[in-house]
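The chain contents come next:
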Amino acid sequence: MYIFGLESVFSLFAVLRVPAELLSRGEPMQPQRERSEARPRAGWMVMGERGRPSALDVCRVLAVFFALFPSVSLQCKVIKCTTEYLAVTSNSGLGEEEYCTALRVYKSCVGRLARSCRGDLAYHSVQHGIEDLMNQKNCSKVGPTFQPRPRTPPPPPPPPPVLTDSQERSDGPEVCHYERSLTRNSAQPNYTHCGFFGDPHLRTFGDDFQTCKVEGAWPLIHNKFLSVQVTNLPVLPGSLATATSKLTIIFRNFQECVEQKMYHAETDDLPAAFADGSKNGGDRYGANTLRVVEKVPGQHVEIQAKYIGTTIVVRQVGRYLTFAVRMPEEVVNSVEEGETQDLYLCLHGCPANQRIDFRSFRAHAAEATQSASRTRGGAGTHGFTYKSAKAKCKERLPVEDLYFQSCVFDLLSSGDINFTMAAYYAFEDVKMLHSNSNRYHIYEKDALSSAAQRGKNVLLVLVLNLLAILLWSTAPL
């Protein structure tokens, strides 16, 4: 469906770019294969002796390009490379070497879009068009790739607007900075933390700590501003313990701040950019309030979403991914009308049928270790005894809290020593992201009391419901 459009665009494009020396001789443009065989003869002239496009010509090409390929102006962005190329080559004083340099810059710019433009017909047509232009001008593919300096200086930029002190440090409007957008009389935001790591272990926004099965795809977060989903695989065949192999984060459109962006990571692929190749929130005024920052290549990425006061940390430790987030409570609980958050792990924890009892597993592992020692004198589950697993975890996690216990669990259930570092980094992320230093460590007694309190709450709700039913049934008609 695009064949006629592509030929039309590149016919116009080739007309605009015809070398001046060919036009002055009145030679028509011919395919490279036929050029050596063709005899000189009178032909047509398009743009006069100078062979350079006017502003109107450039606008016409761009208008046709946008009309035929609207997708180019959206995700692919190849039109940006074309605009920059035309802006440089429209200068009438450009020499041959400078013209070839501009073509190499154009080719390099288009080449960087290969990932986001994969399968786009217009993009691939532009690639072929550049090759044709380089062949027509006999440009070498090897040479300088800096942008040629125009002969005539561009007009001076308009003076920057006068900003206040607070605005000078801004990279977007007030609405794109969460804390600045709050009214003066409003209370300071309450920041919460959720972490997901190891085999896997979950620390919810409410500071509940759970060990879960949750094999397959599960949502961690879903609200008006973003969604997070993980995919977990068994660490060993037949094992209940799983670990995260994929992570997808979708940031939704937000006013004049950011366009919709997706971040996707998998084992051995922890990108330093969003799926479209960009590192910020797009072309809007507040785009820099959403950024991907690579801390350690292939191991540690931080996503800063200032417009919602949120920081996300994604790591690869060994073969698996870890996730941690700091988010205002207001953002956590923001939902679209008609939506619920019942299944989101960071908010409500794992379903009861997906939880693994820490204490039962630990007691079973200790019993198995003693049995193995009596019968064979060797190591217990997967190469670690309960004692040796504790000793290994103690090297990185000296406090015997639930992060320490999760490390022991992971070594006993998988034998993968990398899970020691997963627990260590999860706790380091807590220290960076949690707003209450008194809640960095969570102990088993905290988890038990939290579970007991939830049980009391459920029982209270049941009792109140029964009383309501009794009162309704005995009320006089």
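Residues numbered from 1 in each chain as written. Predicted model: local features only at pLDDT ≥ 70, side-chain atom pairs only at ≥ 80, totals over all residues. Heavy atoms only, no water.

Looking up the chain in an unreviewed UniProt entry gives the name Repulsive guidance molecule A, with the organism given as Ameca splendens. UniProt, in the comment section headed Subcellular location (unreviewed entry), describes the chain in these words: "Cell membrane". (UniProt positions renumbered as here; feature names shortened; annotations may be inferred.)

Caption draft 1: Inspection of helix 14 (residues 402-414) at higher detail. In this model, helix 14 (13 residues) spans 18 Å end to end at C-alpha, consistent with the 18 Å of a helix rising 1.5 Å per residue. Here helix 14 lies mainly inside the structure; 13 of its 13 residues are buried. Residue D401 occupies the N-cap position of helix 14, its side-chain oxygen lying 3.1 Å from the main-chain nitrogen of Y403. Looking one or two places after helix 14, you find G415, whose phi comes out positive at around 75°. (Helix = DSSP H or I, 4+ residues; strand = E, 2+ residues; numbered from the N terminus. Expected span 1.5 Å × (residues − 1). Buried < 20%, exposed > 50% of the residue type's maximum accessible area, 1.4 Å probe, protein only. Polar contact = N/O pair within 3.5 Å; in protein donor to acceptor, adjacent residues only side chain to side chain.)

Caption draft 2: Layout of the nonpolar core. Grouped together as the largest cluster of nonpolar side chains are 44 residues, with contacts concentrated most on I249, F251, Y307 and F323. Examining the composition of this core, we find that four residues originate from one element, strand 11 (residues 320-328), more than from any other. When sequence neighbours within four positions are dropped, the list of residues in contact with F251 reads F225, L226, E259, Q260, K261, F274, L290, I303, A305, Y307 and I312. Counting 29 residues, the second largest nonpolar core, distinct from the first, contains F358, F409, L411 and L412. (Core = buried A, V, L, I, M, F, W, Y, C linked by side-chain atoms within 4.5 Å. Contact = heavy atoms within 4.5 Å.)

Caption draft 3: Here's a closer look at the pattern of salt bridges. What the rule picks out here adds up to nine salt bridges. Across the salt bridge formed by E395 and K392, the nearest N and O atoms sit 3.3 Å from each other. Judged by its relative accessible area of 57%, E395 is exposed. A relative accessible area of 25% places K392 in the partly exposed class. In this structure, a network of salt bridges that share partners links the residues R203, D207 and R439. (Salt bridge = Lys/Arg side-chain N within 4 Å of Asp/Glu carboxyl O.)

Caption draft 4: Region of interest: the side chain of H201. Topologically, H201 is positioned in strand 2 (residues 201-203). Side-chain polar atoms of H201 contact the side chain of D410, separated by 2.7 Å.

Caption draft 5: The arrangement of the state of the cysteines in detail. Per the counting criterion, the structure on display carries six disulfides. Each sulfur in the disulfide pair C81 and C109 lies 2.0 Å from the other. Disulfide C81 to C109: torsion about the S-S bond roughly -75°, handedness left-handed. Of this pair, C81 sits in helix 5 (residues 78-89) while C109 sits in helix 6 (residues 96-111), and the two are 28 residues apart along the sequence. (Disulfide = S-S within 2.5 Å.)

Caption draft 6: Focus on the sheet that holds strand 10 (residues 310-317). Overall, antiparallel pairing links the seven strands, which are arranged 3-2-1-11-10-9-8 in an open sheet. Taken across any chain shown, the strands that pair with only one partner, and hence form the sheet edges, are strand 3 (209-211) and strand 8 (290-296). On average, adjacent strands in this sheet sit at an angle of 10° to one another, irrespective of strand direction. Note: strand 1 (residues 191-197) against strand 11, six bridges, orientation antiparallel. The residue of strand 11 that forms the bridge with Y191 is P328. (Pairing = 2+ DSSP bridges. Axes fitted to C-alpha atoms, helices over the stretch in contact; angles between N-to-C directions.)

Caption draft 7: A look at the sheet that holds strand 7 (residues 261-266). The strand order 4-5-6-7 describes an open sheet built from four strands, whose pairing is antiparallel. Only two strands of the sheet have a single neighbouring strand rather than two, namely strand 4 (216-222) and strand 7. Neighbour-to-neighbour, the strand axes of the sheet open up by a mean angle of 20°, direction not taken into account. Relative to strand 5 (residues 226-234), strand 4 is paired through six bridges, and the arrangement is antiparallel. Looking at strand 5, one finds that H222 is bridged to S227.

Caption draft 8: Looking closely at the packing of helix 5 against helix 6. Two numbers describe how helix 5 lies on helix 6: the axes approach to 9 Å, and their chain directions differ by 170°. As the angle between them shows, helix 5 and helix 6 are arranged roughly antiparallel. Side by side, helix 5 and helix 6 meet where V78, C81, T82, E84, Y85, V88 and T89 of the first sit next to Y99, A102, L103, Y106, C109 and V110 of the second. Residue classes in the contact of helix 5 with helix 6 are distributed as ten nonpolar, two polar and one charged. (Parallel < 35°, antiparallel > 145°, perpendicular 65-115°, else oblique. Nonpolar A, V, L, I, M, F, W, Y, C, P; charged D, E, K, R; others polar.)

Caption draft 9: A look at the packing of aromatic side chains. Counted according to the given criterion, the structure contains ten aromatic pairs. Here the aromatic rings of F197 and Y403 are separated by 5.7 Å at their centres, their planes lie at 10°, and the arrangement is stacked. Of this pair, F197 sits in strand 1 while Y403 sits in helix 14, and the two are 206 residues apart along the sequence. Each member of the pair, F197 as well as Y403, carries the same accessibility label: buried. Geometrically, the ring pair formed by F209 and Y403 is edge-to-face, given 5.3 Å between the ring centres and 75° between the ring planes. Of the two residues, F209 sits in strand 3 while Y403 sits in helix 14, which places them 194 residues apart along the sequence. Each member of the pair, F209 as well as Y403, carries the same accessibility label: buried. The structure contains a cluster of three or more aromatic residues connected by ring pairs, namely F197, F209, Y403 and F427. (Phe/Tyr/Trp six-rings, centres within 6.5 Å; stacked < 30°, edge-to-face > 60°.)

Caption draft 10: View of the confidence of the model for the chain. Predicted confidence across the chain gives a mean pLDDT of 77, with 66% of residues reaching 70 or more. Considering only residues more than four positions removed or in separate chains, one finds that residues 1-56, a stretch of pLDDT under 50, has 82 contacts. When the criterion is pLDDT under 50, residues 374-380 qualifies, and its contacts beyond four places in sequence or with other chains add up to nine contacts. (pLDDT = per-residue confidence, 0-100.)

Caption draft 11: Structural context of the pairing of strand 11. Counted residue by residue, strand 11 has eight buried out of nine residues, so it is predominantly covered. Taken together, the seven bridges between strand 10 and strand 11 define a ladder with antiparallel strand orientation. Bridging across to strand 11, V313 finds its partner in A324. The loop that links strand 10 with its antiparallel partner strand 11 comprises two residues; one of these, G318, has a positive phi angle of about 70°.

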